Amino acid sequence: MYYESPECCDSAKLERSLCLILEALGDETHDRMFYKYLLDIAPDQEQGEIIKSIRNDEFKHFKMFHMIYQEITCEPPAVEQKQDFKEPKSYCDGIQQAIFGELGAVETYRKIMFGLYSQRHRDMLFEIISDEFKHSVKWNFLYSKNRCCNS
C-alpha cells in the first residue's frame, strides 16, 4: 500500500502524474489498433514477431499504470478510451510514427515518475521507460531493414 508522510509529498506533482497516467491509459484503444494495423501489413514473420514483442510490452505497461494508479488512489482508473486511429500512409510511415511515439512517451513517463514518491512505483516507471528506449531501437532496426526514407 502506498503511503508516505505529507511533508515529503508535493501534491501538485502527484496530481499531474495521476492525470498523465490516465492519459496514457486512454491511449490504449488507439495503440491496439495501431499495432494490429502494423502486424497485418508486416512484410515477414520476423518483423511481425518484433512488433508483437513491442505490443506485449505495451500491454504490460498498461497493467503497470493501472496498478500504480489504483495503489495511489485506492480507486480503479476511470479511463476515457481514445479511438482516433488513422492508418499510416505506409508501413514505413507507421514505423516512423512509432519511433517518435516512443520518444514522446519517454518524456511523458519521466514527468509521471518525477511526481511519484513510492520507490516501488518509481522503479516501475523506470522499467517502462527502459522498455520504451528498447522499443525505439527495435523500430529503428525495422526502419533500416525496410530502407525507409522520406525523400
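Up top is the structure.
Residues numbered from 1 in each chain as written. Predicted model: local features only at pLDDT ≥ 70, side-chain atom pairs only at ≥ 80, totals over all residues. Heavy atoms only, no water.

Visitor: What is the right way to read the nonpolar core from this model?
Guide: Most often, soluble globular proteins have nonpolar side chains that are buried together. Formed by 22 residues in total, the largest nonpolar core has its most connected members in I21, F65, I68, Y109, I112, L116 and L125. Contributing elements (two or more residues each) for this core: α1 (11–26), α3 (45–73), α4 (91–114) and α5 (119–145). Element by element, the count of residues in this core is highest for α1, at six residues. Setting aside anything within four residues of it in sequence, one finds I68 in contact with I21, L116, H121, M124 and L125. (Core = buried A, V, L, I, M, F, W, Y, C linked by side-chain atoms within 4.5 Å. Buried < 20%, exposed > 50% of the residue type's maximum accessible area, 1.4 Å probe, protein only. Helix = DSSP H or I, 4+ residues; strand = E, 2+ residues; numbered from the N terminus. Contact = heavy atoms within 4.5 Å.)

Visitor: Looking at this model, I keep getting lost on a nonpolar patch on the surface. Mind explaining?
Guide: A cluster of nonpolar residues, F100, L103 and F133, forms a patch on the protein surface that exposes about 310 Å² of accessible area. The residue F100 is located in helix α4 in this model. (Patch = residues over 30% accessible without salt bridge, like charges linked within 9 Å, V, L, I, M, F, W, Y side chains within 5 Å. Areas by Shrake-Rupley, 256 points an atom, 1.4 Å probe, with all protein chains shown as cover. Salt bridge = Lys/Arg side-chain N within 4 Å of Asp/Glu carboxyl O.)

Visitor: Help me understand the state of the cysteines in this model?
Guide: Defined simply, a disulfide is a covalent bond joining two cysteines at their sulfur atoms. Taken as a whole and assessed by the stated rule, the structure comprises one disulfide. Note on cysteine connectivity: C92 is disulfide-linked to C148, with sulfurs 2.0 Å apart. For the disulfide bridge between C92 and C148, the dihedral angle about the S-S bond is near -75 degrees, and by the sign convention the bridge is left-handed. Residue C92 is found in helix α4, and its partner C148 is found in the segment after α5; the two are separated by 56 residues along the sequence. (Disulfide = S-S within 2.5 Å.)

Visitor: What should I look at first to understand the pattern of salt bridges in this one?
Guide: Oppositely charged side chains may form a pair once their charged atoms are brought near each other. Inspection of the entire model under this criterion finds ten salt bridges. The residue E28 makes a salt bridge to R32 at a minimum N-O spacing of 2.3 Å. Here the residue E28 and the residue R32 both occupy positions in helix α2 (residues 28–41), the gap between them amounting to four residues, near one helical turn. Take R32: its relative accessible area is 40%, and that puts it in the partly exposed class. K36 is the partner of D40 in a salt bridge, and the nearest nitrogen-oxygen pair spans 2.8 Å. Taken together, the positions of D40 and K36, both in helix α2 and four residues apart, correspond to about one turn of that helix. Both residues of the pair, D40 and K36, belong to the exposed class. Salt bridges here are not isolated pairs; linked through shared partners, they connect D57, K60, E127, D131 and K134.

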